[in-house]
Amino acid sequence: FVEQTLADDFVDCEDKAAMFCFLVNRYLSASTVLLYSRDRSHVACGIELPEKVSNFTFRYNNKPYMICEPAFFGLKPGETELSSDDIRSLEIFD
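What comes next is a walk through the structure. All values reported here derive from a predicted model rather than from experimental measurement.

### Details of the overall build of the protein
Along the protein, the regular secondary structure elements total three helices and five strands. In sequence order, the secondary structure elements of the protein are arranged as α-α-β-β-β-β-α-β. The C-alpha radius of gyration computed for the protein amounts to 13 Å, which stays within 12% of the reference 12 Å derived for 94 residues, consistent with globular compactness. Counting only C-alpha atoms and orienting by the principal axes, one finds that the protein spans roughly 40 × 30 × 25 Å. Entry remark: accessible area of the protein is about 6,300 Å², with carbon and sulfur atoms responsible for 52%. A gap of 9 Å separates the mean positions of the 9 positive and 16 negative side-chain charges of the protein.

### Section: the packing of aromatic side chains
Pairs of aromatic rings are described using the distance from one ring centre to the other and the angle between the two planes. Applying the stated criterion across every chain yields a total of two aromatic pairs. An angle of 15° between the planes, with centres 5.5 Å apart, marks the rings of Phe58 and Tyr65 as stacked. When sorted by exposure, Phe58 lands in the same class as Tyr65, which is buried. Summarising the aromatic geometry, the rings of Tyr60 and Tyr65 are spaced 6.0 Å apart at their centres and angled 70° between planes, so their arrangement reads as edge-to-face.

### Topic: the pattern of salt bridges
Overall, the coordinates contain four salt bridges when judged by the stated rule. In this structure, the salt-bridge partner of Arg88 is Asp85, at a minimum N-O distance of 2.4 Å. With Arg88 and Asp85 both in helix H3 (residues 84-88) and three residues apart, this pair spans about one turn of that helix. Of the two residues examined, Arg88 and Asp85, each falls in the exposed class.

### Focus: the environment of Phe72
The topology assignment puts Phe72 in the loop between strand S4 (63-68) and H3. A relative accessible area of 32% means that Phe72 is categorised as partly exposed. Taking the C-alpha atoms as reference points, Phe72 and Glu48, separated by 24 residues in sequence, lie 20 Å from one another. Beyond its immediate stretch of four places on either side in the chain, Phe72 contacts His42 and Glu81.

### Some remarks on unusual backbone geometry
Phi is positive for Ser41, which is not a glycine, with a value near 50°. Structurally, Ser41 is set in the loop between strand S1 (32-37) and strand S2 (42-48). The exposure class assigned to Ser41 is exposed, which follows from its relative accessible area of 55%. Its identity is not glycine, yet Asn61 carries a phi of approximately 50°, on the positive side. Along the chain, Asn61 falls in the loop between strand S3 (58-60) and S4. For Asn61, a relative accessible area of 57% puts it in the exposed group.

So, how was this worked out
Residues numbered from 1 in each chain as written. Predicted model: local features only at pLDDT ≥ 70, side-chain atom pairs only at ≥ 80, totals over all residues. Heavy atoms only, no water. Helix = DSSP H or I, 4+ residues; strand = E, 2+ residues; numbered from the N terminus. Rg over C-alpha atoms; globule rule 2.2 N^0.38 Å. Areas by Shrake-Rupley, 256 points an atom, 1.4 Å probe, with all protein chains shown as cover. Lys, Arg positive; Asp, Glu negative; His and termini not counted. Charge placed at Lys NZ, Arg CZ, Asp CG, Glu CD. Phe/Tyr/Trp six-rings, centres within 6.5 Å; stacked < 30°, edge-to-face > 60°. Buried < 20%, exposed > 50% of the residue type's maximum accessible area, 1.4 Å probe, protein only. Salt bridge = Lys/Arg side-chain N within 4 Å of Asp/Glu carboxyl O. Contact = heavy atoms within 4.5 Å.

Structure follows, in structure tokens:
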């Protein structure tokens with residue numbers, strides 16, 4: 001449950017990504033996906049962008065998405081600690 005993230009003393013990247021996706025869905029009405037890197041044991045999220053946007057990170061179901069890293073401080077939307085190879089091998093959960 002995403003509400004538990006607010007009460008816990010420790011939250012990991014999975015908790016932060018799930019909370020971020022919940023907030024984006026709820027308040028921005030944008031579609032999101034959870035992104036799992038098995039090689040890095042890391043979870044991030046992707047936000048679906050309008051079709052006309054050119055600065056997307058990856059495509060999923062032929063729609064542009066931008067990766068977001070709620071678990072890392074200082075990274076802007078579209079920036080990631082994952083390599084290009086990591087991004088190509090992500091498991092996507094919608």
